Structures are given as structure tokens and as C-alpha cells.
Amino acid sequence: MMSTSLKPVRGRAWLFGDNVDTDQIIQGRYLTLLDYSEMAKHAFEIPRPEFSRNVRKNDIVVAGNNFGGGSSREEAPRVLSQLGVGCVLAQSFARLFYRNAINIGLPVLMIPNVTHSVNDGMTLDVNIIKSAVIIKETGETLSGQPLSRMVLDILQAGGAVAWFRKVKESRK
Amino acid sequence: MLATHTEKGKASAGEIVDASIDLLMVHEVLGSRIIPILKEMGVKKIWDPTKVLVVNDHWAPASDTQSAEIHIRNRQFVKEQGITHFCDVNCGICHQVLPEMGLVKPGDLVIGSDSHSTTYGAFNAFSTGLAATDSALILATGKCWFRVPESMKIRIKGQLPEMVMSKDLILKIVSDLGVNGANYRSIEFHGPTVESMSVASRMTMCNMTVEAGAKCGLMMANDAVKEWVTTRNPSAQWTPVAPDKDAHYVADIDIDLDAEPLDPIVALPHSPANGKPVSEVEGLHVDQAFIGSCTNGRLEDLEIAARILKGRKVHQDVRLIITPASQETYVDALRAGYIDTFLSAGAVFTNSTCGACIGGHLGVLGPGEICISSTNRNFRGRMGHPDSKVYLASPATVAATAVKGVITDPRRLI
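Residues numbered from 1 in each chain as written. Chains lettered and ligands numbered in written order. Predicted model: local features only at pLDDT ≥ 70, side-chain atom pairs only at ≥ 80, totals over all residues.

## Overview of the overall build of chain B
Looking only at helices and strands, one finds 13 helices and 18 strands in chain B. Computed over the C-alpha atoms, the radius of gyration of chain B is 20 Å, within 12% of the 22 Å expected from 2.2 N^0.38 for a compact globule of 414 residues. Dimensions along the principal axes, computed over C-alpha positions, put chain B at roughly 60 × 50 × 40 Å. Counting all 414 residues of chain B, 57% fall into the buried class. Sequence separation of 24 or more characterises 76% of the internal contacts of chain B that already satisfy a separation of 6 or more. (Helix = DSSP H or I, 4+ residues; strand = E, 2+ residues; numbered from the N terminus. Rg over C-alpha atoms; globule rule 2.2 N^0.38 Å. Buried ≥ 20, exposed ≤ 12 C-beta atoms within 10 Å, placed from the backbone. Contact = placed C-beta atoms within 7 Å.)

## Concerning the sheet that holds strand E11 (residues 249–256) of chain B
Residues and elements named next belong to chain B. With parallel pairing, four strands are arranged side by side in an open sheet as E10-E9-E8-E11. Two strands close off the open sheet at either side, each with one partner strand: strand E10 (216–219) and E11. Ignoring which end each strand starts from, the neighbouring axes of this sheet average 20° apart. The pairing of strand E8 (residues 151–157) with strand E9 (residues 186–190) spans five bridges and is parallel. Bridge assignment links Met 152 to a residue of E9, and that residue is Ile 187. (Pairing = 2+ DSSP bridges. Axes fitted to C-alpha atoms, helices over the stretch in contact; angles between N-to-C directions.)

## Points about the pairing of strand E2 (residues 60–63) of chain A
Residue and element names in this part refer to chain A. The side-chain alternation of E2 yields two buried faces, one formed by Ile 60 and Val 62 and the other by Val 61 and Ala 63. As paired strands, strand E1 (residues 9–15) and E2 are joined by three bridges and run parallel to one another. By the bridge assignment for E2, Trp 14 is matched with Val 61. The sheet contact formed by E2 and strand E3 (residues 87–90) spans four bridges and is parallel. In the strand pairing of E3, Val 61 is matched with Val 88. Handedness of the crossover is the feature at issue here: the chain leaves E2, passes through helix H4 (residues 75–82), returns alongside E3, and the resulting connection is right-handed. (Right-handed = clockwise from strand over helix to strand, strands pointing away.)

## Topic: the environment of Met383(B)
Residue and element names in this part refer to chain B. Within the element layout of this structure, Met 383 appears in the loop between strand E17 (370–373) and strand E18 (389–392). Met 383 sits in the buried class, given 28 other C-beta atoms within 10 Å. Residues Met 383 and Gly 366, 17 residues apart in the sequence, show an inter-C-alpha distance of 9.1 Å. Excluding residues that lie within four positions of it along the chain, Met 383 makes contacts with Ala 356, Cys 357, Gly 359, Val 364, Leu 365, Cys 371, Ser 373, Ser 388 and Val 390.

## Re the domain arrangement of chain B
Residue and element names in this part refer to chain B. What the domain assignment reports for chain B is domain 1 (15–147), domain 2 (149–235 + 245–262) and domain 3 (266–413). Every contact between the two is made by 19 residues of domain 2 and, on the other side, 19 residues of domain 3. Of all the secondary-structure elements, those providing two or more residues to the side of domain 2 that touches domain 3 are helix H5 (166–177) and helix H7 (199–207). Broken down by element, the side of domain 2 that touches domain 3 gets its largest block of residues, six residues, from H5. Here the residues of the side of domain 2 that touches domain 3 are counted per class, giving eight nonpolar, six polar and five charged. (Domains from an automatic or database assignment. Nonpolar A, V, L, I, M, F, W, Y, C, P; charged D, E, K, R; others polar.)

## Some words on the environment of Leu2(B)
All names here are of chain B. Inspection of the secondary structure assignment puts Leu 2 in the segment before strand E1 (16–20). For Leu 2, a count of 17 C-beta atoms within 10 Å translates into the label partly exposed. Between the C-alpha atoms of Leu 2 and Leu 109, which are 107 residues apart in sequence, the distance is 7.2 Å. Not counting residues up to four positions away in its chain, the partners in contact with Leu 2 are Ala 11, Val 17, Ala 19, Leu 109, Phe 126, Phe 146 and Val 148.

## Some words on the interface of chain B and chain A
The partner chain A presents 31 residues to the 37 residues of chain B that form the contact. Counting only elements with at least two residues in the side of chain B that touches chain A, the list comes to helix H1 (29–41), helix H2 (65–81) and helix H4 (132–141) of chain B. Considering every element that reaches the side of chain B that touches chain A, the biggest residue donor is H1(B), with five residues. A per-class count over the side of chain B that touches chain A returns 13 nonpolar, 14 polar and 10 charged.

## Here's the deal with the packing of helix H10 (residues 299–309) of chain B against helix H13 (residues 395–404) of chain B
Residue and element names in this part refer to chain B. Following both chains from N to C, one finds H10 and H13 inclined at 30°, their axes separated by 8 Å at the closest point. Here H10 is positioned roughly parallel relative to H13, judged by the angle of their axes. Here H10 and H13 pass one another in a crossing that is right-handed. Of the residues in H13, those touching H10 at Asp 301, Ile 304, Ala 305, Ile 308 and Leu 309 are Pro 395, Ala 396, Ala 399, Ala 400 and Val 403. Tallied by class, the residues present in the contact of H10 with H13 amount to nine nonpolar, no polar and one charged. (Parallel < 35°, antiparallel > 145°, perpendicular 65-115°, else oblique. Left-handed = near helix turned anticlockwise from the far one by under 90°.)

Written out as C-alpha cells, the structure reads:
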């Protein structure tokens, strides 16, 4: 089945630089919090302490190279999705963050030079399936390599757990 | 190596394979995240309770009521599922206790719910870190998908000078590669230096390959590894794995330590890839010195620290905290007299835990504090307050710094 129901995302950009590591997304000291809504209050606490208060549903995290390096903690993409972040665009991702984001159903797109074209607060229209971004303020279009079929299937299902259940059901 | 764990038995770089896991290690993330996911998945029984190791190590013993609750969940899960291998808060750090228990051998595919699971590459195993969802899927099925990584080859020859450790070497390599220089790739270490290295020194190097973004770090099985595995797991059958003769590498790096002697390296805040020769930061005041973690809390690390601290005192403006990598290390250090040396010098010696390394407990940094640490990461806020700073170094450099109160080349204290 083609993943046609992955809706486009329209939201405001939150701009970050290169090498945003997992402790900047969510510090290790909050990992024992069992409630994600409590934990999410501390997302990006070090680089942008206002983030969790001001982020709105479908806002978009935009970053430079190697976003999410360091720990394997799945809590990093999870707190972003908890706060309603619609997708993450970066020039490149650390492999663990990338895999974890897809596993929990948070779309992540590699868009070359994205931080050169996007300013903080700009409104972006993102087509997840086509891996394409339109910047409302400038009209500029950016694009990256589309996600693989398997990754789109996982995202469409809502994450690896839902995908696993779907695959299991279909084999019955 | 991944190929031998697939049905097809073959695989090449870039390919996605479905591989069978030999061992899954999970720590507190089991109780906090994996168990809820298993419930959501409707998994009642895990795939194989003999192929799972559960460790309570990050906040051991519990540092607050939340970590205590996570530990309770882990203990209950181990009982309910009949899991064979369990380490409660009295064992030590997962990456140290797993090899101590003989649970890794050459050729294995080992996954851990922790990014430093690359450590087992020192034992000629393919090992990498994944997170909660992947761990839950492995617990349910025993399988996991991987993209076969491209390999980089690093050939090292020559001697490490006195007081210069494998930590200095890997800090130099990570700094040369950059924090994502090996992203999605595996790093293979070859050459006589690695061939003659102790198990502990090899573990330090593979441990930190993830700081360059690597999926895994791999070494050939040397005599020390063969002896380790034979002693720790005498009944196990295994065959060392070597790269294909025509193996393709995306990068080929040669390091000659005799031609270019290595200095002690210190990684400046806030990146492990920010390594500089110690001479560039000598004289900088520190508040705390920490020796411990899965990177450098093993017996040889405590031995070199004890050698430096013997008959000396920790500087009055510094606290030195030493946390052994495991309870076994603790006992060995006790018998060797190192703990006596540390306490006489005025150090704090703690039980084994991840503790201060993750800003968990037993050495959390306050605002503006500076720590020199034998751990693996110096991200902003990693060991405590966002305004604290961490300098990464070898246990020798940390011990010398603790004595002098300022960052010090350990060769000055020979």
C-alpha cells in the first residue's frame, strides 16, 4: 500500500545550528521521569528554554548537520512528538536519532542547505512523501532525497510498534 | 559479520538485512520505556529469556523515587519472564559486566539499549546501540533490521608513550574524524598496537567510536581477548571473524605512533571531538576530577591513577571522585591496595554506577563548575548544570590534575 495519507505539515520553523546533541534535546537527568508530558517540559531546555512553552502543534524543527548525536535515548524524538512537532528537517542526522524518530512515527527529512534558506519563525509547508519544503515568506522550494518505501510505511502506520502490529495482522 | 546472522548468509554494504540477535542488553530503559511498549504491542512472553541481560546501573542504587520505581519494574519483569541474566544495583556498569559474565564472544551480534554498546567490538563482536522501540521489537521477535554499514579502516602501529593511554588515542581519532565523521559507518581497527593491547584498553577505544557517529567499532580477536573469553565462558564455541580479503573500505587511515608520538589529549567543552594536546590547556583550574564510567573505570585505569596518587594528596580545591566500572573491579582494586591509596590521598571512592557520567548522582556538577573526567561525553549539561564544563581526558591526566588542582600532563608526575 502506498503511503498517501501522510499529511503535509504546515508550521513555524524553530532554527538550530550544527551538532545539536541529545543532551540539548533532553538532558539525561530527566530520563527517569515516567510521564512524557512532564519530560517534554524540558525539551531543548539548554539551547532554547522557551521552546516547550511556545511551540505549537505542527511546528517544525530545522537544524544543520548531525542533529541528535550522542545518546541512543528515544526520549529525544519522543519529547518533540509529545509537544506536537510536525517534523524535523536537518542537513544531516546522527544515525540513532534518525532511526528512533522513524520508530516513534516522527517524520525526519534530510534537506541540503536548509539552514541557509530558512530563518527562525518562517512558515514552512512540508510534503513528507516528496521530501519537499516550500518557504511561505520567500516562495523558495527545497527538496531532499525521498524517504524509502519501508520508512514511509512505518511513518504512515504511526511508528514501528503500530507497523509491527499491522504486519503481524496481515500475516494471520 | 552481520551476514552470518541472516537467513541468506550474505550481505553487502548499504543493504538492509533482517538479523537474528545473539544477546540483547537492556538497562533502566526497560522499566521506563520498553515495558510500556511491550504492553502496547500485546507481547506476553519474550522471544528467549536466556538471551537477554537486564542491568540496573545508571542510577545504582536508586538516586530518587523515580529510578527506584524503574528498578522495581525491572526486577518484576526479570522474575515474570524468567530472564537468566540479571544484574541488580550491586554489579556494575552494563558494558563492563556483560563481558565479565562471558556473555560476548567473537562473531556475536550483540545489541544494547545504550549507545556505548559499541564497546563489545573489542571482543570481535558486531555490537551497537539501539533504543526502546527496537529493543521491544527484539524482545518480541529476536530479530532486528540493519543497514549494513560501510567500513573505515584504521591501522595503528607503534608504542603509546608512558602515561599516554588508549583513551588519548581514541580522543585523537574522534577529533580527527569529527563528531559525525563515521556516521552510519563501522570503524575497523587493525595493526600491531591494537593487536598487543589489553582488553580494557581495547574496550575504551571501541566504546568511544560512537562519539564519531559510528554504528560499531571492530577489532580482530587478539590473545588477550581469546584468553578472556575462554576463562569467562569455557564451554562456548566460537570462531573469530576476519574481514574479507577483498573488503572495500570507504576510508583507509594509517597511524604511526613511533613516527609521531602521541601526547595526552584533552577534549575541551562541549564536544568529545574537540581534542587538543594537554599542553594547550595545562594550568586550567578544575573543581572536580572524575575517574569512572564504561569508558575508563576498569582496573588498569585505577592502577595508573593509584600509581600517580601514591604518597600524594588531592589538591585542597579539588574533589576527586572515583567510581569503579564494576563490583569485580571494586574487589580487585581493594585487593591490590588501590582503594587504600585513593582514600589516603583524600579521594571519594564510590560503588559502581554510571552515576556522575550522566549527571545522575554521586558527583553532579553545580553552576559554573569545571570537571576533568575520564568519561566519554562532555556535551553541555551532560554531568549536571547547563553552565558547568567538562574536559575529557585519560585516567592518568585526571589523576595528575586532581593532585595539582589544575589540568596537568601526567608525565610531570612520573
